[in-house]
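# Observations on chain architecture
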Amino acid sequence: MLTHVWGLLVHPNREWKQIHDERETITHLYSHHVLEMALIPVVCAFIGTTQVGWDFGGGHTIQLNYLDAFFAGVAFYVAILVAVGFMGSVIHWMAQRYSNPPSRRRCIIFAGYVATPMFVGGIVALYPLVWLCLLAIIVGLCYSSYLLYLGIPNFLDIGAEEGFIVTGSTLGIGVLVLEALLAVTVLLWGYGAKLLGIDL
């Protein structure tokens, strides 16, 4: 698992070809990559929210108790796992326009690895400043876009020119999914704030 993470971050072209040749299953992807990597933002947010508190500026800091943070973390974790499968299905649906489209299995595996920079960027939630987390999300999204662009020809076997449409469409939908995840997270923090009686 860690080999692919390092490879995707350091030499993505070569890593995509290696992943392509492994013929991985969705079960293996989730058990050896997604389930573990998705814990990074969840655990870091749990620690940051309970030990430091989310700083929204203007003197408002929200620090959740362990129980509230635990339930928020579980909901966030499930949302991440569902989002990976959803994005894989979106990629599969868009790829049907090509003569030799990739299988749903390959598309979900592709989505799981494309999300790697977003997972790694979740480490900043240990010190949950909103501006810092937004910066990490932007950087992670940019690198995920780069992985997406490189992976379409190297993993999905779709030509670079043809794949440009898939790349653009996937990024658009991916940003919407990311915004939905952020909205869920903010709602969970807001719910925790109500429990603590904090007026935002």
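Up top is the structure these notes are about.
Residues numbered from 1 in each chain as written. Predicted model: local features only at pLDDT ≥ 70, side-chain atom pairs only at ≥ 80, totals over all residues. Heavy atoms only, no water.

In this section: the overall build of the protein. On a plain count of helices and strands, the protein comes out with nine helices and two strands. When the elements of the protein are put in sequence order from the N terminus, they spell out α-α-α-α-β-β-α-α-α-α-α. Looking at the protein as a whole, 46% of its 200 residues are labelled buried. Sequence-distant contacts in the protein: of pairs separated by 6 or more residues, those separated by 24 or more amount to 73%. For the protein, the accessible surface area stands at approximately 10,200 Å², while carbon and sulfur atoms represent 69% of it. (Helix = DSSP H or I, 4+ residues; strand = E, 2+ residues; numbered from the N terminus. Buried < 20%, exposed > 50% of the residue type's maximum accessible area, 1.4 Å probe, protein only. Contact = heavy atoms within 4.5 Å. Areas by Shrake-Rupley, 256 points an atom, 1.4 Å probe, with all protein chains shown as cover.)

Here we take up helix 4 (residues 39-51). For helix 4, with 13 residues, the first-to-last C-alpha span of 18 Å sits near the 18 Å given by 1.5 Å per residue. Of the residues making up helix 4, those classed as buried are P41, V42, C44, A45, G48, T49 and T50. Just past helix 4, the residue G53 takes up positive phi, approximately 95°. (Expected span 1.5 Å × (residues − 1).)

What follows covers the packing of helix 3 (residues 26-37) against helix 5 (residues 66-94). Running from amino to carboxyl end, helix 3 crosses helix 5 at an angle of 125°, the nearest separation of the two axes being 10 Å. In this view, helix 3 runs oblique relative to helix 5, as classed from their interaxial angle. Seen from above, helix 3 lies across helix 5 with right-handed handedness. Between helix 3 and helix 5, the residues in contact are Y30, V34 and L35 and Y77, L81, V84 and G85, respectively. The class makeup of the residues in the contact of helix 3 with helix 5 is six nonpolar, one polar and no charged. (Axes fitted to C-alpha atoms, helices over the stretch in contact; angles between N-to-C directions. Parallel < 35°, antiparallel > 145°, perpendicular 65-115°, else oblique. Left-handed = near helix turned anticlockwise from the far one by under 90°. Nonpolar A, V, L, I, M, F, W, Y, C, P; charged D, E, K, R; others polar.)

Turning to the environment of V84, a few remarks are in order. Among the structural elements, V84 can be located in helix 5. In the structure, V84 is positioned 50 residues away from V34 in sequence and 8.3 Å away in space, judged by C-alpha atoms.

Our focus in this paragraph is unusual backbone geometry. One non-glycine residue, R23, adopts positive backbone phi at about 55°. Mapped onto the elements, R23 comes out in the loop between helix 2 (12-22) and helix 3.

Going through the model one piece at a time under the given rule, you end up with six aromatic pairs. Plain terms: the ring middles of F46 and Y66 are 6.0 Å apart, the flat faces sit at 40° to each other, and that makes the pair tilted. Linking F46 in helix 4 with Y66 in helix 5, this pair joins segments that are 20 residues apart in sequence. Grouping aromatic residues by their ring pairs yields a cluster made of W16, F110 and F155. (Phe/Tyr/Trp six-rings, centres within 6.5 Å; stacked < 30°, edge-to-face > 60°.)

Attention shifts here to the nonpolar core. Residues W16, F110 and L156 are the most contacted members of the largest nonpolar core, which totals 37 residues. Residue assignment for this core shows that the elements contributing at least two residues are helix 1 (2-10), helix 2, helix 3, helix 5, helix 6 (104-114) and helix 8 (130-154). Non-local contacts of L156, meaning those with residues more than four positions away in its chain, are made with I91, P102, R106, C107, F110 and G151. If you look at the next biggest cluster of nonpolar residues, it comprises five residues, including C44, A45, A125 and C133. (Core = buried A, V, L, I, M, F, W, Y, C linked by side-chain atoms within 4.5 Å.)

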